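Notes for the structure review
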Amino acid sequence: MAITVQNFIKMANFYNQMTMMMSAICVQKGGIAIENYVGRFFAADTLEFVYEYGRRLVESGGATPDVRALVERFRVQYERVKDLTTPSQRPIYEMTLEEFEKLMNI
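Fair warning: this is a prediction, and the values are worked out from it, not measured in the lab. (Residues numbered from 1 in each chain as written. Predicted model: local features only at pLDDT ≥ 70, side-chain atom pairs only at ≥ 80, totals over all residues. Heavy atoms only, no water.)

1. Considerations on the side chain of Thr 85
With respect to the secondary-structure elements, Thr 85 resides in the loop between helix H3 (65–81) and helix H4 (97–104). Each residue touching Thr 85, except ones within four places of it in the same chain, is listed here: Ala 44, Asp 45, Glu 48 and Tyr 78. (Helix = DSSP H or I, 4+ residues; strand = E, 2+ residues; numbered from the N terminus. Contact = heavy atoms within 4.5 Å.)

Structure representation (structure tokens):
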């Protein structure tokens, strides 16, 4: 898939719609805090993907100032939740000792 502004806008719209739906679910479930909603992990992974896509778009030089501003907003949001994202799986032989211990729960 080519990195385009149109694809980035579609993904950004999806993420925004998803967060709106998550908020509605939290209200419906009795007003639970979004920080306690189990879907927050999926939302963090989605935000990471959208931000990374936008970052690559900006690096390629194909982004307008409006898109750059949107990518920056996603970056700020991502910085707040990056500890909730699913860790990338790397082969054990490429891991540092710290990564291996974390993976093995040591």
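2. Some thoughts on the nonpolar core
Membership of the largest hydrophobic core comes to 20 residues, with the highest contact counts inside it found for Phe 8, Tyr 15, Val 50, Val 67 and Phe 74. For this core, the secondary structure elements donating two or more residues are helix H1 (5–28), helix H2 (40–59) and H3. Top contributing element to this core by residue count: H1, with seven residues. (Core = buried A, V, L, I, M, F, W, Y, C linked by side-chain atoms within 4.5 Å. Buried < 20%, exposed > 50% of the residue type's maximum accessible area, 1.4 Å probe, protein only.)

3. Things to note about the packing of aromatic side chains
Under the criterion given, the structure shown has three aromatic pairs. Taken together, a centroid distance of 5.8 Å and an interplanar angle of 80° make the contact between Tyr 15 and Phe 74 edge-to-face. In this pair, Tyr 15 sits in helix H1 while Phe 74 sits in helix H3, placing the two residues 59 residues apart along the sequence. Relative accessible area serves as the criterion here: at 3%, Phe 74 is assigned to the buried category. For the pair Tyr 51 and Tyr 78, a centre-to-centre distance of 5.7 Å together with 20° between the ring planes defines the contact as stacked. Here the residue Tyr 51 occupies a position in helix H2, and Tyr 78 occupies one in helix H3, the gap between them amounting to 27 residues. Neither Tyr 51 nor Tyr 78 differs from the other in exposure class; each is buried. One aromatic cluster is present, formed by Phe 8, Tyr 15 and Phe 74 through successive ring pairs. (Phe/Tyr/Trp six-rings, centres within 6.5 Å; stacked < 30°, edge-to-face > 60°.)

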